[in-house]
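Chain by chain, the residues:
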Amino acid sequence: MDKIIDIEDRIPTLRERRKKRTNRKFTLLLVFFLLTLLGLLYFQSPYSHVQTIVVKGSNLATSDEYIDRSGIQKGQSMWEIRTSNAEEILQKNEWIQDVTVKRSGLTAVTIELKEWKKAAYLQTEDGFDLVLENGTVYHTSENMAPVDAPVLSAFDNPKALTRMVKELAKLNGEVLSMISQIESVPSKADPYRIRLFMNDGFEVRAVIPSFAEKMNYYPSIIAQIGESEKGVIDIEVGSFFQTYVDMYNPQPKEEEEVEKTPE
């Protein structure tokens, strides 16, 4: 026969189970309450707000300018920030090649920039502007002295300027560092004629479309000419050299003496 268990014997077990269920419910409610309280305290505390904004890779504009452009402000809620929106806003600046905005830690935001590199300086009435590798002319109020890049002058044709910058990007670094100034000297026959003044004292005449291809041979051309006489190297069509004396101060040919025959 099956053993019959009196209900009175089961009461302690039922009470124990009920007590455990109650304790579990109470624990879950307590955890939920504590998490909610901590969340409220966090969002009300400075630890949920932007306290530090770090800008990396800023050379053309200042860190403060980039922060202003991004729309991110100190004291703003970390969770109100839309990093993708800030990246889109900054990417609209033509001198920025790439940008990444991200949260760093609990209270910091980092803006990482990759600006287009400087290709040359453009001479203007007020001084010099920067010409970047993508052809963008970056206007600056600072009175810069041209260093580590050639000066472009008289480039009134925007197309010529853009093509010139693209050619400069193809140059070997060694050759680029040897150029002091590039002057646009267009003619009716060719709007892309240019004249270069080199740091070693030579003058080069060329055309923009074939500039980089021919100019990369400049060191070997100089090696063949030697350093004894300075002059003009013409690489517009072929490649030939003429000294400054012969080009700018040609010596008159000696006139042949004609003996007068006596009458």
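The notes below deal with the structure included here. (Residues numbered from 1 in each chain as written. Predicted model: local features only at pLDDT ≥ 70, side-chain atom pairs only at ≥ 80, totals over all residues. Heavy atoms only, no water.)

Notes on the pattern of salt bridges
Here the structure, examined in full by the defined rule, presents 6 salt bridges. E183 is the salt-bridge partner of R195, the closest N and O atoms lying 2.8 Å from each other. Of this pair, R195 sits in strand 9 (residues 193–198) while E183 sits in strand 8 (residues 179–184); the two residues are 12 residues apart in sequence, bridging distant segments of the chain. The exposure class of R195 is partly exposed, given its relative accessible area of 23%. (Salt bridge = Lys/Arg side-chain N within 4 Å of Asp/Glu carboxyl O. Helix = DSSP H or I, 4+ residues; strand = E, 2+ residues; numbered from the N terminus. Buried < 20%, exposed > 50% of the residue type's maximum accessible area, 1.4 Å probe, protein only.)

Thoughts on helix 7 (residues 218–225)
Those residues of helix 7 that fall on the buried side of the exposure criterion are Y218, I221 and I222. Projected down its long axis, helix 7 carries its buried residues within an arc of 95°, all on one side. Relative to its buried face, helix 7 has exposed residues pointing more than 90 degrees away, namely A223 and Q224. Here the buried face of helix 7 lies against helix 5 (173–176), strand 9, strand 10 (203–207), helix 6 (211–215) and strand 11 (231–234). Once helix 7 ends, the next one or two residues include G226, with phi positive near 90°. (Arc of directions from axis to C-beta. Contact = heavy atoms within 4.5 Å.)

Here we look at the side chain of N93
As for its placement among the helices and strands, N93 is situated in the loop between helix 3 (83–91) and strand 2 (96–104). A distance of 3.0 Å separates the side chain of N93 from the side chain of R69, its partner in a polar contact. From its side chain, N93 meets the backbone oxygen of L90 in a polar contact 3.0 Å long. (Polar contact = N/O pair within 3.5 Å; in protein donor to acceptor, adjacent residues only side chain to side chain.)

Focus on the sheet that holds strand 7 (residues 151–153)
Spatially, the 9 strands line up as an open sheet ordered 6-5-4-7-8-9-10-11-12, and their pairing is mixed. Edge positions in the sheet fall to strand 6 (137–138) and strand 12 (240–243), since each of these pairs with one other strand and no more. Pairing of strand 9 with strand 10, which is carried by 5 bridges, proceeds in the antiparallel orientation. Across the sheet, F197 pairs through a bridge with E203, a residue of strand 10. In the packing of helix 4 (residues 158–169) onto the sheet, contacts are made with strand 4 (118–124), strand 5 (127–132), strand 6, strand 7, strand 8 and strand 9, and the angle to strand 4 comes to roughly 145°. Sheet strands in contact with helix 7 are strand 9, strand 10, strand 11 and strand 12, and its direction is about 135° off that of strand 11. (Pairing = 2+ DSSP bridges. Axes fitted to C-alpha atoms, helices over the stretch in contact; angles between N-to-C directions.)

Some words on the packing of helix 2 (residues 63–70) against helix 3
Where helix 2 contacts helix 3, the two axes come as close as 8 Å, and the packing angle between them is 120°. One way to sum up the angle between helix 2 and helix 3 is to call them oblique. Like other packed secondary-structure pairs, helix 2 and helix 3 cross with a definite hand, here right-handed. Of the residues in helix 3, those in contact with Y66, R69 and S70 of helix 2 are A86, I89 and L90. Its residues placed into classes, the contact of helix 2 with helix 3 shows 4 nonpolar, 1 polar and 1 charged. (Parallel < 35°, antiparallel > 145°, perpendicular 65-115°, else oblique. Left-handed = near helix turned anticlockwise from the far one by under 90°. Nonpolar A, V, L, I, M, F, W, Y, C, P; charged D, E, K, R; others polar.)

Everything listed is a geometric property; what it means functionally is a separate question.
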